[in-house]
Amino acid sequence: MQTKETIVCRCEDITLDEIQSLIKQGYRTIDEIKRVVRAGMGPCQGRTCRMLIAQELAKAYGVPVSEVLMPTFRPTVKPVKLGTFAGGESDAENC
Amino acid sequence: MQKTANVVIIGGGISGTALAYELAVRGMKDIVVIEKQYLASGATGRCGAGVRQQWGTETNAILARDSVKRFEGMNEELDYDKDIEFKQGGYLMVAYTPGEWEQYKKNVAVQHSLGIPTKMITPQEAQEIVPHLNIDGLIGATFCQTDGHANPFHVVDAYYKAASRLGVKFETYTTVTGITRENGKVTGVQTNRGDIDTPLVVNACGFAAGTICKMVDFDLPLYPQRHQALVTEPVEACQGPMVISLSHRLYCQQSPHGSFIMGVGDPNEPKDFNINSSWEFLEDVARQAITVLPLLKNLRVVRQWSGLYDMSPDANPIFDEIPGAQGMWVAAGFSGHGFMVGPMTAVLLAQKILGQQCFMPIEKFGLDRFRTGELLLEPAVV
């Protein structure tokens, strides 16, 4: 696989090569990788990359994906404007 | 895991990692850092990433002032392969009430006496710095250009890598289960992955410091307090400084990445280890932020999280040897401003532990102050 051209985190443009290199350096969980290169910190909050990184960790450590520690799933579920929280839908220019 | 060490540091946040580096760079060998999860997984990695020198107590102002100098040269000093993202866009502390303004005047006098270049400015001048600032009812503001932002994950990563190169061992996902003593002296640390014999232990684990102190039968006067924060989608650079409004309990800054990080303190937050996110916070912070910085109403929130302040009775840290456990030091109680002073508190503690001349009197941060009443009451905490 072209690891340098394969994007794992689309929000932050992180490649498979970067992820594999961090795992080799000893970053052991999705949480650690996220904090070092921002994979999973973008607008989609890891919807794409979380499981891809989990698979890479599972491969590297020889464990099932179910044993890879998942980061905490945090609100908000989708990006929402501050104005919506402050005064409801009608106060925010949501379109 | 190794069986012996000269010092075991408990806690892999800014305090523990920076201390490990400062001890190693001064020539100490066999240093082990134990962290329950991963580095910066506690308060450091959950903080608002602000670095300010605008404090009301001399101790905080000195620690922050000298830490700023360290942050300025940190990429080079620690030979970091990434960037700690130190951005000196300043801190704008806005006063909407006469009480705040009077307090800021006193704080600025302390800052000026220490050479911190804070300016007292008019509402119009404040709006020139932050064009989207609401100046209705604003009395004035204080601004210090050399304050700013640093990336807590990268700062810890930088200390971790530099310390590792000097031989420090980091044991992550390791839980301390006990501290052994003989005749009132510390002899070792027990963990779920084995025991380490050591004559020296530093308890640098923030809100968990009390739990560790209980292992040597000492009741540390700290309590945990949840603080919540959120981050928005990134947008083009439009806000230089961190804006703090104590009357709105708000802090809000734009990171170099473009996202806005903000939080509000909740005066009714119970003393508890709860770190779940709440919907009440989202509504509260949104209202406060939009009141002070109306333009932000169109920004989308992408994530909220929470962390714990390790609150001490005077909102200032405790550096001391634990009575009845010679060789066990505590460095905790930072009360929400441990990250920004971390580089220098680590230096201070390293100097003390190695018997070197301390750059400021460490005794002021001792446990004795809670008995004598000579507290370091800080008036400028969010």
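Scroll up to find the structure this text is about.
Our subject in this report is the structure included herewith. (Residues numbered from 1 in each chain as written. Chains lettered and ligands numbered in written order. Predicted model: local features only at pLDDT ≥ 70, side-chain atom pairs only at ≥ 80, totals over all residues. Heavy atoms only, no water.)

1. Section: the overall build of chain B
The following threshold applies: Numbering goes from the N terminus for both helices and strands, where a helix is a DSSP run of H or I of at least four residues and a strand is a run of E of at least two. For this measure, only C-alpha atoms enter the radius of gyration; the expected value for a globule follows 2.2 Å times N^0.38, where N is the number of residues. Here's how the labels work: a residue is buried when its accessible area is under 20% of the maximum for its type, exposed when over 50%, partly exposed in between, all with a 1.4 Å probe on protein chains only. Reported accessibility uses the Shrake-Rupley method at a 1.4 Å probe radius. Residues are deemed covered only where the shown protein chains occlude them. In this tally, Asp and Glu contribute negative charge and Lys and Arg positive charge; neither His nor the terminal groups of the chain are included. In plain terms, the charge of a residue is placed at NZ if it is Lys, CZ if Arg, CG if Asp and CD if Glu.
Of regular secondary structure, chain B possesses 11 helices and 19 strands. Relative to the globule expectation of 21 Å for 382 residues, the C-alpha radius of gyration of chain B, 20 Å, shows essentially globular dimensions. With the principal axes as the frame, chain B shows a C-alpha extent of 65 × 40 × 40 Å. When the 382 residues of chain B are sorted by exposure, 62% land in the buried category. Counting only carbon and sulfur atoms, one obtains 50% of the accessible surface of chain B, whose full area is about 14200 Å². Taking the average place of the 32 positive charges on the side chains of chain B and the average place of its 41 negative ones, the gap between the two points comes to 2 Å.

2. Quick look at the overall build of chain A
When helices and strands are tallied, chain A shows 4 helices and 3 strands. Along chain A, from the amino end to the carboxyl end, the secondary structure elements read β-β-α-α-α-β-α. By the compact-globule yardstick of 12 Å for 95 residues, chain A is too spread out, its C-alpha radius of gyration being 16 Å. Considered along the principal axes of its C-alpha atoms, chain A spans approximately 50 × 30 × 20 Å. Accessible surface computed for chain A: about 5200 Å², of which carbon and sulfur atoms make up 54%. The centroid of the 13 positive side-chain charges in chain A is displaced by 4 Å from the centroid of its 12 negative side-chain charges.

3. Considerations on empty space enclosed by the protein
Let me state the cut-off plainly: Cavities and pockets were defined on a 1 Å grid built over protein atoms only: a cavity is a set of grid points that admits a 1.4 Å probe from which the probe cannot escape, a pocket is an open set flanked by protein on both sides within 12 Å along at least five of seven lines, and lining residues are those with an atom within 4 Å of any such point. Grid points are joined across faces, edges and corners, and a volume is the space filled by probe spheres set on the points. Residues are grouped as follows: Ala, Val, Leu, Ile, Met, Phe, Trp, Tyr, Cys and Pro are nonpolar; Asp, Glu, Lys and Arg are charged; all remaining types, including Gly, are polar. A domain assignment, automatic or from a database, supplies the domain bounds used here.
Enumeration according to the criterion identifies 4 cavities of 30 Å³ or more in this entry. Considered as a void within the structure, the largest cavity measures approximately 420 Å³ in volume. Breaking the lining of the largest cavity down by element, the ones donating at least two residues are helix 2 (30–37) of chain A together with helix 2 (43–46), helix 7 (152–165), strand 13 (223–232) and strand 17 (300–311) of chain B. If you tally residues by element for the lining of the largest cavity, the top one is strand 17 of chain B, at 3 residues. Classifying every residue of the lining of the largest cavity gives 11 nonpolar, 8 polar and 7 charged. Both domain 1 (7–46 + 153–222 + 314–372) and domain 2 (87–146 + 223–309) of chain B contribute no fewer than three residues apiece to the lining of the largest cavity. Here the second largest cavity defines a volume of roughly 60 Å³.

4. Here we look at the environment of lysine 297 of chain B
All names here are of chain B. Its place among the elements puts lysine 297 in the loop between helix 9 (279–292) and strand 17. Classification of lysine 297 as partly exposed rests on a relative accessible area of 26%. On a C-alpha basis, the gap between lysine 297 and alanine 286 in space is 7.6 Å, while along the polypeptide they are 11 residues apart.

5. A word on the side chain of aspartate 66 of chain B
Note the following rule: By definition in these notes, contact holds between two residues if any of their heavy atoms fall within 4.5 Å.
Along the polypeptide, aspartate 66 of chain B turns up in helix 3 (residues 58–72). Beyond its immediate chain neighbours, meaning those up to four positions away, aspartate 66 of chain B contacts Met344 and Phe359 of chain B.

6. A look at the packing of aromatic side chains
All names here are of chain B. Spelled out, the test is: Any pair of Phe, Tyr and Trp rings, taking the six-membered ring for Trp, is counted once the centres come within 6.5 Å. Such a pair is stacked with planes under 30 degrees apart, edge-to-face with planes over 60 apart, and tilted for the rest.
Evaluation of the coordinates by the stated rule reveals 6 aromatic pairs over all chains. Here phenylalanine 319 and phenylalanine 365 contribute two aromatic rings whose centre-to-centre distance is 5.1 Å and whose plane-to-plane angle is 55°, an arrangement assigned as tilted. Here phenylalanine 319 is found in strand 18 (residues 318–321), whereas its partner phenylalanine 365 is found in the loop between helix 10 (338–353) and helix 11 (369–372), with 46 residues between them in sequence. Comparing phenylalanine 319 with phenylalanine 365, the two get one shared label, buried.

7. Side note on the sheet that holds strand 12 (residues 201–203) of chain B
Residue and element names in this part refer to chain B. Cut-off, in case you're wondering: Should DSSP find at least two bridges between two strands, the strands are regarded as paired. Axis lines are fitted to C-alpha atoms, over the contacting stretch for helices. Their N-to-C directions set the angle, which ranges from 0 to 180 degrees.
Taken together, 6 strands build an open sheet; the order of strands is 8-2-1-12-19-18 and the sheet is mixed. The sheet is open, and its two edges are formed by strand 8 (169–171) and strand 18, each paired on a single side. Sheet twist, expressed as the mean angle between neighbouring strand axes with direction ignored, is 15°.

8. Here's the deal with the pairing of strand 15 (residues 250–254) of chain B
Residue and element names in this part refer to chain B. Along strand 15, 5 of the 5 residues are buried, which leaves the element largely enclosed by surrounding structure. Neither face of strand 15 is exposed, since Leu250, Cys252 and Gln254 on one face and Tyr251 and Gln253 on the opposite face are all buried. Pairing geometry for strand 14 (residues 242–245) and strand 15, over 3 bridges, is antiparallel. Each bridged residue has a counterpart across the sheet, and for serine 245 the counterpart in strand 15 is leucine 250. Connecting strand 14 to the antiparallel partner strand 15 that follows it, the hairpin turn spans 4 residues, and arginine 249 within it adopts a positive phi of roughly 60°. Here 5 bridges tie strand 15 to strand 16 (residues 260–264), and the two strands are oriented antiparallel to one another. Within strand 16, the residue paired with leucine 250 across the bridge is valine 264. The loop that links strand 15 with its antiparallel partner strand 16 comprises 5 residues; one of these, glycine 258, has a positive phi angle of about 110°.

9. Concerning helix 3 (residues 49–61) of chain A
Residues and elements named next belong to chain A. Selection criterion: Helix span, as expected, comes to 1.5 Å for every residue beyond the first.
Over its 13 residues, helix 3 runs 18 Å from end to end, which matches the ideal 18 Å to within 8%, given 1.5 Å per residue. All of the buried residues in helix 3 are Cys49, Arg50, Ile53, Ala54, Glu56, Leu57 and Ala58. If you follow the buried residues of helix 3, they end up packed against strand 1 (7–9), helix 1 (16–25) and helix 2.

10. A look at the interface of chain B and chain A
Note the threshold: Here the buried area means the combined drop in accessible surface, using a 1.4 Å probe, for two parts upon being joined, counting both sides. The definition of a polar contact used here is a pair of N or O atoms within 3.5 Å, where within protein one atom must be able to donate a hydrogen and the other to accept one, and adjacent residues in sequence count solely through side-chain atom pairs.
Across the boundary between the two partners, chain B contributes 29 residues, which contact 31 residues of chain A. Note on chain B versus chain A: buried area summed over both sides is about 2800 Å², and carbon and sulfur give 57% of it. Here chain B and chain A share 16 residue pairs in polar contact (both at pLDDT 80 or more) between them. For the side of chain B that touches chain A, the secondary-structure elements that each account for two or more residues are helix 7, helix 9 and strand 17 of chain B. Among the elements that line the side of chain B that touches chain A, the one with the most residues is strand 17 of chain B, at 6 residues. Pairing between strand 3 (residues 80–81) of chain A and strand 17 of chain B: 2 bridges, direction antiparallel. Opposite lysine 81 of chain A, over in strand 17 of chain B, you have arginine 300 of chain B as the bridge partner.

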